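# Working through the structure, step by step
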4 protein chains.
Amino acid sequence: MLNKKEFSKKMTYAPGLPQDATFFSANKKRVTSRAVEEAAVRALKDRGVSIEDIAQIVFDLQKPFVRNLSLAMCIENVTGVLAKRELQHAILVGIELDKLAEKKLLDEPLQSLIDQDEGLFGVDETIALGAVSAFGSIASTTFGYLDKVKPRIIGELDQMKNGRVNTFLDDLVASIAADASSRLAHRVRDAEEGAFHRKMNENNRE
Amino acid sequence: MLNKKEFSKKMTYAPGLPQDATFFSANKKRVTSRAVEEAAVRALKDRGVSIEDIAQIVFDLQKPFVRNLSLAMCIENVTGVLAKRELQHAILVGIELDKLAEKKLLDEPLQSLIDQDEGLFGVDETIALGAVSAFGSIASTTFGYLDKVKPRIIGELDQMKNGRVNTFLDDLVASIAADASSRLAHRVRDAEEGAFHRKMNENNRE
Amino acid sequence: MLNKKEFSKKMTYAPGLPQDATFFSANKKRVTSRAVEEAAVRALKDRGVSIEDIAQIVFDLQKPFVRNLSLAMCIENVTGVLAKRELQHAILVGIELDKLAEKKLLDEPLQSLIDQDEGLFGVDETIALGAVSAFGSIASTTFGYLDKVKPRIIGELDQMKNGRVNTFLDDLVASIAADASSRLAHRVRDAEEGAFHRKMNENNRE
Amino acid sequence: MLNKKEFSKKMTYAPGLPQDATFFSANKKRVTSRAVEEAAVRALKDRGVSIEDIAQIVFDLQKPFVRNLSLAMCIENVTGVLAKRELQHAILVGIELDKLAEKKLLDEPLQSLIDQDEGLFGVDETIALGAVSAFGSIASTTFGYLDKVKPRIIGELDQMKNGRVNTFLDDLVASIAADASSRLAHRVRDAEEGAFHRKMNENNRE
């Protein structure tokens with residue numbers, strides 16, 4: 001199943017990437033998931049968004065439904081969704097476009113569509129929705145809610161001035177929070193069912 | 001382009017449908033869009049949802065953004081989106097499943113998943129999201145917002161008791177309102193641009 | 001986190017479901033995932049679709065990309081995706097609608113739209129696409145391909161005559177195969193990267 | 001409804017855009033749809049894709065279903081879908097990313113993910129799928145088919161060498177062709193139904 005070609009340090013081709021960030025697969029050089037995940041988390045941080053900021057939103061969303069919910073559980077689920085390739089890629093693309101728009105490096109009229117955060121633009125929502133759909137249709141509705149209400153860091157990003165462009169980033173944060181919220185809900189249910197099945201088994205043994 | 005086979009009254013095959021509700025296309029008997037649209041609007045009404053109920057939600061959503069918005073404009077846009085085949089089909093499927101669940105005619109465990117409005121079910125949101133995507137990614141986020149906040153008739157449908165099942169209907173109403181809201185926003189923009197281009201042309205002629 | 005209310009056998013409410021198929025969560029009686037999964041697999045089988053039939057399609061799709069691919073690996077990934085709640089629910093809804101259409105139990109014009117497999121209907125694709133989106137945008141394109149080309153069991157389902165309605169089922173099978181194909185591709189990549197990282201670690205220790 | 005602020009030539013803010021490409025709306029300067037559409041079509045052309053190239057694919061797709069189909073009808077429907085804002089925006093974003101990757105102007109690891117056309121990347125499909133969903137779930141399956149089979153210009157774009165990056169463009173072309181194909185199918189149906197209703201009315205008058 002694995003490519004038999006011997007790994008060689010000379011194959012590392014991307015300047016700026018650590019030596020173990022690329023590997024061979026199906027005769028193509030590829031960036032490892034680990035390198036992509038690290039880059040996605042770092043990109044968020046560089047733009048002022050921490051895992052805790054996002055976990056706070058998840059906490060607010062799930063508190064009414066989950067007894068004894070802790071921020072630590074929310075952080076764990078944010079970290080969990082950030083391990084998904086599709087979400088990592090969406091983060092990298094969206095933040096890159098925000099930064100390029102900030103530096104006025106995009107061609108017109110795209111430059112204006114993005115730096116004005118044009119209401120009918122839609123590609124920011126499309127990319128964020130793509131990442132959200134991996135966590136089910138309920139994550140999609142949670143995303144829509146966050147995108148309108150803009151709680152906490154999402155609202156702060158949306159209101160930033162002085163040439164800062166967050167057209168994609170606020171949607172990405174809403175997407176990550178919606179994903180983590182859905183992941184948490186499914187895991188709580190799985191835990192409940194696990195406890196129930198253990199109880200049933202005990203009853204049967206009695 | 002059109003099928004040359006002569007239409008014959010004997011081809012009407014669906015009991016309960018008016019004679020002009022079916023026609024021939026590519027050698028298949030088909031239900032006309034007009035018959036499907038009438039059935040979708042009637043199904044909504046039979047379940048207690050009027051065009052005006054939905055238009056009210058559109059009005060609330062768009063009022064902050066559109067100067068001189070009237071309820072009549074909202075009604076016009078709700079009617080406009082109900083002309084879309086994909087939305088009509090979604091309405092017919094969703095309401096049929098609600099009614100079958102109400103009559104306990106579905107097999108288990110589907111019967112329980114629907115009549116309990118199971119939070120992690122998701123097919124209700126999927127069908128509503130499918131209908132909403134025809135109106136762009138922004139309609140999808142509006143849908144998500146309505147699905148959580150449940151304003152007006154959506155909330156009423158969600159709270160109905162006494163054996164009434166609205167698992168699909170509340171999502172469908174949110175979908176129609178989001179679609180109409182998106183349609184209205186695009187048309188307002190088109191009107192603005194039309195006025196702008198006319199002005200530009202006048203200036204050029206001076 | 002778990003509901004503290006004691007489980008009582010009297011709470012089992014769904015006739016036709018085994019006693020351990022329901023449990024309490026957030027003060028609602030719920031069907032367990034295990035019961036839903038069993039029902040989904042059984043529904044497929046009752047309609048003539050086995051796990052192996054679907055695994056065969058996955059094998060054809062992934063063979064050009066995965067060295068030493070075995071049917072057992074494909075079966076494992078089909079089983080893996082069938083553990084997802086959203087996919088189970090989509091299967092139950094779609095097959096129920098096919099069966100109801102077969103028995104002429106749906107209201108007109110929905111009955112005709114489904115039993116004629118109307119080309120512009122779309123709700124069958126919507127439900128199947130909803131289930132597929134949990135496995136990423138690439139699974140969505142694979143689904144689209146299978147939906148047009150209709151290989152193996154998908155084509156057989158599409159061609160069945162004598163009153164058999166498979167309007168939803170053929171799309172669902174395409175969805176499951178696309179999901180399993182995407183799951184397999186991601187896991188093969190993960191395995192490659194795991195092997196690469198182990199190799200790197202060995203080199204560093206030398 | 002319209003913004004009353006007088007238009008002033010000084011408001012044109014985007015260097016490189018013609019004077020009538022921007023206008024005022026809701027107190028924001030905006031790019032007109034006309035300017036965006038022209039830019040999208042020009043961007044396609046600059047990358048070697050003509051309206052006719054895409055119409056050819058639509059022709060192949062719809063020929064088995066539409067009697068007397070002409071290339072002119074296909075061209076008309078490609079032009080029709082290119083008037084949609086969401087599709088225009090998707091084209092501008094995708095082509096911009098291809099061009100930036102070609103010039104090695106993206107940060108790592110995004111640069112490598114795009115210029116290697118990494119199989120599990122997915123954002124290219126997400127953007128193209130977002131544009132396609134405006135034309136219904138059937139357009140989505142057509143897109144998936146084109147994305148795998150890569151007929152005509154799609155395959156040529158996919159195979160280009162010598163530093164040319166078309167990671168997004170081939171998906172965008174598949175999306176436009178799928179949209180136009182769906183638009184054509186719906187319009188043919190509408191025409192059939194129109195002819196049928198006219199016939200019915202004549203019969204009634206006799």
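Residues numbered from 1 in each chain as written. Chains lettered and ligands numbered in written order. Predicted model: local features only at pLDDT ≥ 70, side-chain atom pairs only at ≥ 80, totals over all residues. Heavy atoms only, no water.

As recorded in an unreviewed UniProt entry, chain A goes by the name Phosphatidylglycerophosphatase A, listed as coming from Sporolactobacillus spathodeae.

### As for the overall build of chain A
The following threshold applies: Only DSSP runs of H or I covering at least 4 residues are called helices, and only runs of E covering at least 2 are called strands; the numbering of each starts at the N terminus. Relative accessibility decides the category of a residue: with a 1.4 Å probe and only protein chains considered, values under 20% of the type maximum give buried, values over 50% give exposed, and everything between is partly exposed. Should any heavy atoms of two residues lie within 4.5 Å, those residues are counted as being in contact. Every accessible area reported is derived by Shrake-Rupley at a probe size of 1.4 Å, with residue values counting cover from the shown protein chains alone.
Helices and strands together make up the secondary structure of chain A, namely nine helices and two strands. From first element to last, N terminus to C terminus, chain A shows the α and β order β-β-α-α-α-α-α-α-α-α-α. With 206 residues in all, chain A has 59% of them scored as buried. Taking the contacts inside chain A whose residues are at least 6 apart along the sequence as the reference set, 64% of them involve residues at least 24 apart. If you sum the accessible surface of chain A, you get close to 8300 Å²; carbon and sulfur atoms cover 50% of it.

### Considering the interface of chain A and chain D
Condition: Buried area: the accessible area, evaluated with a 1.4 Å probe, that two parts lose upon being put together, summed over both parts. Each reported salt bridge corresponds to a side-chain nitrogen of Lys or Arg within 4 Å of a carboxyl oxygen of Asp or Glu. Two N or O atoms count as a polar contact when they lie within 3.5 Å, although within protein this holds only if one can serve as hydrogen donor and the other as acceptor, and sequence-adjacent residues are included solely when both atoms are side-chain atoms. Note that Gly is not counted as nonpolar here; it falls among the polar residues with everything else outside the nonpolar set of Ala, Val, Leu, Ile, Met, Phe, Trp, Tyr, Cys and Pro and the charged set of Asp, Glu, Lys and Arg.
Taken together, the contact pairs 40 residues of chain A with 40 residues of chain D. For the pair chain A and chain D, the summed buried surface comes to about 3300 Å²; carbon and sulfur atoms form 64% of the total. On the chain A side of the interface with chain D, the three residues burying the most area are A:His89, A:Pro109 and A:Gln116, jointly 16% of the side's total. One can count two salt bridges joining chain A with chain D. The salt bridge partner of A:Lys99 is D:Asp107, with a shortest N-O separation of 2.8 Å. Linking chain A with chain D are eight residue pairs in polar contact (both at pLDDT 80 or more). For the side of chain A that touches chain D, the leading source of residues is helix α4 (residues 85-102) of chain A, giving 10 residues. In the side of chain A that touches chain D, the residues fall into 22 nonpolar, seven polar and 11 charged.

### Thoughts on the packing of aromatic side chains
In this description, an aromatic ring pair is defined by two values, namely the gap between the centres and the angle between the planes. What counts is decided by this rule: Planes of paired rings set the category: under 30 degrees apart is stacked, over 60 is edge-to-face and the rest tilted, where pairs are Phe, Tyr or Trp rings (Trp by its six-membered ring) whose centres lie within 6.5 Å. Look at NZ for Lys and CZ for Arg. If either is within 6 Å of the ring centre and within 35 degrees of the ring normal, a charge sits over the ring.
Overall, the coordinates contain six aromatic pairs over all chains when judged by the stated rule. With a centroid separation of 6.1 Å and an interplanar angle of 90°, the aromatic rings of A:Phe121 and A:Phe168 are classed as edge-to-face. Of this pair, A:Phe121 sits in the loop between α5 (110-115) and α6 (123-132) while A:Phe168 sits in the loop between α8 (153-159) and α9 (169-205), placing them 47 residues apart in sequence. Residue classification places A:Phe168 among the buried positions, given a relative accessible area of 1%. Arranged with centres 6.4 Å apart and planes meeting at 10°, the rings of C:Tyr145 and D:Tyr145 form a pair that is stacked. A residue pair is termed interchain when its members come from two chains, as with C:Tyr145 in helix α7 (residues 137-149) and D:Tyr145 in helix α7 (residues 136-149). It is A:Lys84 that lies over the ring of A:Phe135; its NZ or CZ is 5.3 Å from the centre.

### Brief notes about the packing of α7(C) against helix α6 (residues 123-132) of chain D
Packed helix pairs are specified by the crossing angle of their axes together with the interaxial distance, meaning the distance between the axes. Quick note on the threshold: Working convention: axes come from line fits to C-alpha atoms, limited for helices to the stretch in contact. Angles between N-to-C directions cover 0 to 180 degrees. Orientation categories follow fixed angle ranges, with anything under 35 degrees roughly parallel, anything over 145 roughly antiparallel, 65 to 115 roughly perpendicular, and all other angles oblique. For any helix crossing, the convention is left-handed if the near helix is rotated counterclockwise from the far helix by under a right angle, and right-handed if that rotation is clockwise.
The interhelical angle for the contact between α7(C) and α6(D), taken along N-to-C directions, is 60°, at an axis separation of 8 Å. Between α7(C) and α6(D), the crossing angle belongs to the class labelled oblique. Where α7(C) crosses over α6(D), the two elements pack in a sense that is left-handed. Side by side, α7(C) and α6(D) meet where C:Ser137, C:Ile138, C:Ser140 and C:Thr141 of the first sit next to D:Glu125, D:Thr126 and D:Leu129 of the second. Per-class residue counts for the contact of α7(C) with α6(D) are two nonpolar, four polar and one charged.

### Structural notes on the relation of the copies chain A and chain D
There are two copies of the chain, and a rotation about an axis plus a shift along that axis relates them. Counted only if it meets this: Overlaid copies result from least-squares superposition on C-alpha atoms, with residues included only where pLDDT is at least 70 in both.
The two copies are related by a screw operation: chain A maps onto chain D through 180° of rotation and 0.0 Å of translation along the axis, at an RMSD of 0.0 Å. Interpreted geometrically, this transformation is the action of a two-fold axis. Within chain A, A:Ile127 has its C-alpha nearest the rotation axis, a separation of 3.2 Å. Comparing contact sets, 100% of the residues at the interface of chain A also lie at the interface in chain D, consistent with an isologous, same-surface contact.

### Comments concerning empty space enclosed by the protein
The gaps left among the atoms become clear once a water-sized probe is rolled over them. Stated formally: In the cavity and pocket records, a cavity denotes points on a 1 Å grid over the protein atoms alone where a 1.4 Å probe fits but cannot get out, a pocket denotes an open set with protein on both sides within 12 Å along at least 5 of 7 lines, and lining residues are residues with an atom within 4 Å of a point. Grid points are joined across faces, edges and corners, and a volume is the space filled by probe spheres set on the points.
By the definition in use, this model includes nine cavities of 30 Å³ or more. By volume, the largest cavity is sized at about 710 Å³. Residue lining of the largest cavity: 31 residues in total, with A:Leu129, A:Ser133, B:Ser133, C:Ser133 and D:Ser133 positioned closest to the centre. If you list the elements that add at least two residues to the lining of the largest cavity, you get α6 and α7 (137-149) of chain A, α6 (123-132) and α7 (136-149) of chain B, α6 (123-133) and α7 of chain C together with α6 and α7 of chain D. Broken down by element, the lining of the largest cavity gets its largest block of residues, four residues, from α6(C). Among the residues forming the lining of the largest cavity, the class breakdown is four nonpolar, 24 polar and three charged.

### Remarks on the side chain of A:Arg183
All names here are of chain A. By the element assignment, Arg183 lies in helix α9. Of the polar contacts made by the side chain of Arg183, one reaches the side chain of Asn77; its length is 2.9 Å. Those residues in contact with Arg183 that sit more than four places away from it in its chain are Glu76, Asn77, Gly80, Val81 and Phe135.

### Brief notes about the UniProt feature "domain: YutG/PgpA" (unreviewed entry) in chain A
How we decide: UniProt positions are given in the numbering used here, feature names are shortened, and annotations may be inferred rather than shown by experiment.
Feature annotation in UniProt assigns "domain: YutG/PgpA" (unreviewed entry) to the following positions: residues 73-185 of chain A. Between the end C-alpha atoms of residues 73-185 of chain A the distance is 11 Å, and the span holds 71% helix and 0% strand.

### Looking at the side chain of D:Asp171
Residues and elements named next belong to chain D. To keep things clear, this is the line we draw: The charged-residue count follows a simple rule in which Lys and Arg add positive charge and Asp and Glu add negative charge, with His and chain termini not counted at all.
Looking at the secondary structure, you find Asp171 in helix α9 (residues 169-205). For the buried Asp171, which has no salt bridge, the nearest side chain bearing the opposite charge is Lys150, at an N-O separation of 5.4 Å. Excluding anything up to four places from it in sequence, Asp171 contacts Asp124, Glu125, Ala128, Phe143 and Asp147.

### Remarks on the pattern of salt bridges
Counting across every chain of the model gives 36 salt bridges over all chains. Taken together, the shared-partner salt bridges connect A:Arg47, A:Glu102 and A:Arg164 into one network.

### Re helix α3 (residues 71-81) of chain B
The periodicity of an α-helix, 3.6 residues per turn, causes residues three or four positions apart to be oriented the same way. Residue and element names in this part refer to chain B. Heads up, the condition is: An arc is given here, and it is the one of the directions from the helix axis to the C-beta atoms.
Every buried residue of α3 is listed here: Cys74, Asn77, Val78, Gly80 and Val81. For α3, the angular spread of buried residues about the axis comes to 160°, placing them on one side. What points out from α3, more than 90 degrees from its buried face, is the exposed set Ala72 and Glu76.

### Looking at unusual backbone geometry
That bond from C:Glu108 to C:Pro109 is cis: its omega, 5°, falls within 30 degrees of zero. Topologically, C:Pro109 is positioned in the loop between α4 (85-102) and α5 (110-115). Positive phi outside glycine occurs at A:Arg152, with the angle close to 50°. Structurally, A:Arg152 can be placed in the loop between α7 and α8. Classification of A:Arg152 as partly exposed rests on a relative accessible area of 42%. Phi is positive for A:Asn162, close to 60°, though the residue is something other than glycine. Topologically, A:Asn162 is positioned in the loop between α8 and α9. Exposure remark for A:Asn162: the relative accessible area of 81% places this residue in the exposed category.

### Quick look at the confidence of the model for chain A
Residue and element names in this part refer to chain A. Keep this limit in mind: pLDDT measures the predictor's confidence residue by residue and takes values from 0 up to 100.
With 85% of its residues at a pLDDT of at least 70, chain A reaches an overall mean of 85. The low-confidence segment residues 1-14 (pLDDT under 50) makes 38 contacts with residues lying over four places distant or belonging to another chain. If you check the scores for this complex, the pTM reads 0.86 and the ipTM reads 0.87.

### Side note on α7(A)
All names here are of chain A. The condition is simple: Each residue after the first adds 1.5 Å to the expected span of a helix.
End to end, α7 covers 19 Å across 13 residues, agreeing with the expected 18 Å (1.5 Å per residue, within 8%). Within α7, 10 of the 13 residues are buried, which leaves it mostly tucked inside the rest of the structure. Looking only at α7, the buried set comprises Ser137, Ile138, Ala139, Ser140, Thr141, Thr142, Phe143, Gly144, Leu146 and Asp147. Phi turns positive, to about 50°, at Lys150, one or two residues after α7.

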